[in-house]
Amino acid sequence: THQNYFLSESFTDYWRRANTYWRNFLVKVFFYPVFFHLRRLPQAAAVAVAAAAVFVMTWAFHVYQSWWLLGIIHLTWPDSLFWGLLGVLVIVNTLWELKARGTKKAGPDRRSILCMTAGTFLVICVAWSLATSPDLGTWLRLWSHIDIFTVLALMGLAGSVMVAKWWLELRQPATSIGRRWKPVLQLTALLGLTLLPSGLRGVEFGLGRF
């Protein structure tokens, strides 16, 4: 049901990879009907409205799911902000892809793809931390406990994701690009493996002290 969504190159790519059966259901039942109903509008406007409808329904179905499992209507600011933020990011990314599709620009190079993957992963992790918080105040207080060890851990994790992206999906050993970037990626992997354990030890020490 999931297709390596940690390696998504963009927020639209993340939406395509995560929970594909659910996404296909939403696209067929909500996106296409709304989009074709608004086909007289400019394409960008129709896509934006249809995508917004999809995320509103996603949020509503998750609220229904909590009621079905727990017997209560579970409405929280973190949950609403998470789906709103993800919806805005996906819509903006989709409109950007539509605009880029009409130009003759070459696709992003390998370095850009690696940076986009790391950036997408970081933003999604922050959004997940918001979605899993019981309330907005708890999530804001969480940030007050961030220290240098946490930053080192995140840097190591981002470096590891970049290397995993190259290793699993972008490896082309026969090309000059692969040979050129191999030392850089090896250095990134070494940096990630060095910083991640020290960062995690610091986080563990900080949590124990807390």
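Residues numbered from 1 in each chain as written. Predicted model: local features only at pLDDT ≥ 70, side-chain atom pairs only at ≥ 80, totals over all residues. Heavy atoms only, no water.

Draft legend 1. Representation of empty space enclosed by the protein within the structure. For the structure on display, the rule yields one cavity of 30 Å³ or more. Looking at the largest cavity, the residues that line it are Tyr-5, Phe-6, Ser-8, Tyr-14, Thr-120, Phe-121 and Ile-124. A total of three residues in the lining of the largest cavity trace back to one element, the largest contributor, which is helix H5 (residues 110–131). Along the lines of polarity and charge, the residues of the lining of the largest cavity split into five nonpolar, two polar and no charged. (1 Å grid on protein atoms, 1.4 Å probe; cavity = no way out; pocket = protein on both sides within 12 Å on 5 of 7 lines; lining within 4 Å. Points joined across faces, edges and corners; volume = space filled by probe spheres on them. Helix = DSSP H or I, 4+ residues; strand = E, 2+ residues; numbered from the N terminus. Nonpolar A, V, L, I, M, F, W, Y, C, P; charged D, E, K, R; others polar.)

Draft legend 2. Inspection of unusual backbone geometry at higher detail. Phi at Asn-4 is positive, roughly 50°, even though this residue is not glycine. With respect to the secondary-structure elements, Asn-4 resides in the segment before helix H1 (11–17). We classify Asn-4 as partly exposed; its relative accessible area is 47%. Non-glycine residue Asn-19 carries a positive phi angle of around 50°. Residue placement: Asn-19 occurs in the loop between H1 and helix H2 (20–37). (Buried < 20%, exposed > 50% of the residue type's maximum accessible area, 1.4 Å probe, protein only.)

Draft legend 3. Here's a closer look at the packing of aromatic side chains. Using the criterion set out here, one finds 19 aromatic pairs in the structure. Ring centres of Tyr-5 and Trp-128 lie 5.8 Å apart, and the angle between their planes is 90°; on these two criteria the pair is classed as edge-to-face. Here Trp-128 lies in helix H5 and Tyr-5 lies in the segment before H1, a separation of 123 residues in the sequence. Relative to Phe-35, the ring of Phe-31 lies with its centre 5.9 Å away and its plane at 5°, an arrangement referred to as stacked. Residue Phe-31 and its partner Phe-35 are both found in helix H2; the two are separated by four residues, about one turn of the helix. With a relative accessible area of 17%, Phe-35 lands in the buried category. Taken together, the aromatic side chains of Tyr-5, Phe-6, Tyr-14, Phe-121 and Trp-128 make up a single cluster linked through ring pairs. (Phe/Tyr/Trp six-rings, centres within 6.5 Å; stacked < 30°, edge-to-face > 60°.)

Draft legend 4. Representation of the nonpolar core within the structure. The biggest cluster of nonpolar side chains holds 22 residues, and the ones touching the most others in it are Trp-15, Phe-31, Phe-35, Val-54, Phe-55, Leu-86 and Val-90. Elements with a minimum of two residues in this core: H1, H2, helix H3 (43–70), helix H4 (77–101) and H5. For this core, the leading source of residues is H3, giving six residues. Once you skip the residues sitting within four places of it in the chain, Val-54 turns out to touch Trp-15, Leu-26, Phe-30 and Phe-31. (Core = buried A, V, L, I, M, F, W, Y, C linked by side-chain atoms within 4.5 Å. Contact = heavy atoms within 4.5 Å.)

Draft legend 5. Quick peek at the pattern of salt bridges. Inspection of every chain in the model, using the stated rule, returns two salt bridges. Among the salt bridges present, the one from Asp-13 reaches Arg-17, with a minimum N-O distance of 3.0 Å. Residue Asp-13 and its partner Arg-17 are both found in helix H1; the two are separated by four residues, about one turn of the helix. Residues Asp-13 and Arg-17 agree in their burial class; the two are buried. Here Arg-16 ties to Glu-97 by a salt bridge, and the two come within 3.0 Å at their closest N and O atoms. Of this pair, Arg-16 sits in helix H1 while Glu-97 is found in helix H4, placing the two residues 81 residues apart along the sequence. (Salt bridge = Lys/Arg side-chain N within 4 Å of Asp/Glu carboxyl O.)

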